[in-house]
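# Reading the structure
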Amino acid sequence: MQVGSVELPNRLFVAPMAGVTDRPFRQLCKQLGAGYAVSEMVTSRKDLWHSLKTSRRANHDGETAPIAVQIAGTDAAMMAEAAAYNIDRGAQVIDINMGCPAKKVCNKWAGSALMQDEPLALQIVEAVVAACLPHNVPVTLKMRTGWSQQNKNAVRIARAAEQAGVAMLTVHGRTREQGYTGQAEYDTIAAVKAAVGVPVVANGDITSPEKALAVLRHTGADAIMVGRAAQGRPWIFGDIAHYLATGEHRAAPLTQQVKRWLLDHLEDHYGLYGEFAGVRTARKHIGWAVRSLPGGDTFRAHMNTLDSCAEQVRAVSDFFDALSLTHDRLPAGDLDAAGDDDAATAEHAACHAN
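The shown structure was predicted, so the numbers you read here are calculated from the model rather than taken from an experiment.

In this section: the overall build of the protein. The secondary structure content of the protein amounts to twelve helices and eleven strands. A total of 354 residues make up the protein; the buried ones form 58% of that total. Expressed as a percentage of contacts within the protein between residues at least 6 apart in sequence, the contacts between residues at least 24 apart total 72%. For the protein, the computed accessible surface area is about 13800 Å², with 51% contributed by carbon and sulfur atoms.

Following this line, the structure appears as structure tokens:
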């Protein structure tokens, strides 16, 4: 699949999720079958670029190409400067955030709030495209179906964005008004696909290989983007790829293999965040990995009492070793409970642009 000058290995994408899709998580998903992963959003506010949070988000050391960075803001000139800043730090694709529904972002008229101001949205797209053009870096846009049920303008924005030079469009099948509630609808995504010539990516409620195939068929989209369903189950991309190719499900991963993936992820995670922050931010990843497993709830409670990397690693290793004695392969759980979205699991944790 081609996005401007960048070739993607497949059509299975990881959604940008604040507090989740840092470099270690993106790397893990790519290792396990994702062809493309977009970073947590980076603010266009220059005064925050050197903050610890933004510095981590702009860290692509050792990251597998293509490197895609999402930027957020409301000022066209600032967004153009943010694009150039991230290109200098390794970005090979720049994605414009027009989909985040969090109040702290929308109250500043960023994220999906931009869909209410189409002239401003177009100014931002044009400015970012102009900034990226000299570097031969394609610009993509992620949006929702509209601001509300009464104002679904994704098709209109998609056409204008394509005319302005956007190389790919991702549409989450909910309005901003819906937030993370209700069900995604795919008719609007299909309408966007029919209206433009650039690749279109379908996002929202893709939690299984069967759902991935159904969404691709319904929308005609060129690719799918998976969010929360990848939390704790990053091998879902390989599962989907296998199903799309064969029409059959592959076996669940070996329990010991899942342990190895998680421990490798933790090592990378600690390397980025250090021990104090690393232990605390790793808790959610570990929690997602065990949430549907036997004894998972008890283990999660215990995990929250541990304060060192060594203790976490030992506890995770012991948990999966014990599980492997009764389950050679990972037992099935309530995998659909995770849902799928373009943000973290709750609005209070999502869409921090700083």
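After presenting the structure, the write-up continues.
Before going further, it helps to examine the environment of Gln-178. Turning to its location among the elements, Gln-178 is positioned in the loop between strand E9 (168–172) and helix H7 (187–195). What makes Gln-178 partly exposed here is its relative accessible area of 22%. Put simply, Gln-178 and Ser-148 are 30 residues apart on the chain and 7.5 Å apart in space, counted from C-alpha to C-alpha. With near-sequence residues (within four places) excluded, Gln-178 lies in contact with Gly-173 and Gln-183.

What follows deals with the sheet that holds E9. What the nine strands build is an open sheet, ordered E4-E3-E11-E10-E9-E8-E7-E6-E5; its pairing is parallel. Here the strands that pair on one side only, and so sit at the sheet edges, are strand E4 (36–37) and strand E5 (42–43). Pairing of strand E3 (residues 12–14) with strand E11 (residues 223–226) involves three bridges; the strand directions are parallel. Residue Leu-12 lies in a different strand from E11, and its bridge partner there is Ile-224. Packing against the sheet, helix H3 (residues 76–88) makes contact with E5, strand E6 (68–72) and strand E7 (93–98), and its axis sits at approximately 155° to E6. On the sheet, helix H6 (residues 154–164) packs against E7, strand E8 (139–144) and E9 and is oriented at approximately 170° with respect to E8.

With five of five residues buried, E9 is to be regarded as a mostly interior element. Here E9 shows a buried face lined by Met-168, Thr-170 and His-172 and a second buried face lined by Leu-169 and Val-171. With five bridges connecting them, E8 and E9 associate as parallel partners. The partner of Leu-141 across the bridge, within E9, is Leu-169. At this point the chain moves from E8, through H6, to the parallel E9, and the crossover so formed is right-handed. On the question of chirality, the crossover connecting E9 to the parallel strand E10 (residues 200–203) by way of H7 is right-handed.

The element helix H1 (residues 23–31) is extensively covered by neighbouring structure, given that eight of its nine residues are classed as buried. Residues Arg-23, Pro-24, Phe-25, Arg-26, Gln-27, Leu-28, Cys-29 and Lys-30 constitute the buried set of H1. The secondary structure elements touched by the buried residues of H1 are E3, E4, helix H9 (236–246) and helix H10 (255–290). Measuring from the backbone nitrogen of Phe-25 back to the side-chain oxygen at the start of H1 gives 3.1 Å, which picks out Asp-22 as the cap. Just downstream of H1 lies Gly-33, where phi reads positive at about 125°.

Before going further, it helps to examine empty space enclosed by the protein. Evaluated as defined, the whole model comprises three cavities of 30 Å³ or more. Empty space within the largest cavity amounts to approximately 120 Å³. In this structure, the largest cavity is lined by Phe-25, Leu-28, Gly-232, Pro-234, Trp-235, Val-258, Trp-261, Leu-262, His-265, His-285 and Ala-289. In terms of residue class, the lining of the largest cavity is built from eight nonpolar, three polar and no charged.

Mean pLDDT for the protein: 89, with 90% of residues reaching 70 or above. Note that residues 105–109 has pLDDT below 50 and, in this model, 15 contacts with residues that lie over four places away or in other chains. Considering only residues more than four positions removed or in separate chains, one finds that residues 335–354, a stretch of pLDDT under 50, has 90 contacts.

Reading the values: rules and limits
- Residues numbered from 1 in each chain as written.
- Predicted model: local features only at pLDDT ≥ 70, side-chain atom pairs only at ≥ 80, totals over all residues.
- Heavy atoms only, no water.
- Helix = DSSP H or I, 4+ residues; strand = E, 2+ residues; numbered from the N terminus.
- Buried < 20%, exposed > 50% of the residue type's maximum accessible area, 1.4 Å probe, protein only.
- Contact = heavy atoms within 4.5 Å.
- Areas by Shrake-Rupley, 256 points an atom, 1.4 Å probe, with all protein chains shown as cover.
- Pairing = 2+ DSSP bridges.
- Axes fitted to C-alpha atoms, helices over the stretch in contact; angles between N-to-C directions.
- Right-handed = clockwise from strand over helix to strand, strands pointing away.
- Polar contact = N/O pair within 3.5 Å; in protein donor to acceptor, adjacent residues only side chain to side chain.
- 1 Å grid on protein atoms, 1.4 Å probe; cavity = no way out; pocket = protein on both sides within 12 Å on 5 of 7 lines; lining within 4 Å.
- Points joined across faces, edges and corners; volume = space filled by probe spheres on them.
- Nonpolar A, V, L, I, M, F, W, Y, C, P; charged D, E, K, R; others polar.
- pLDDT = per-residue confidence, 0-100.

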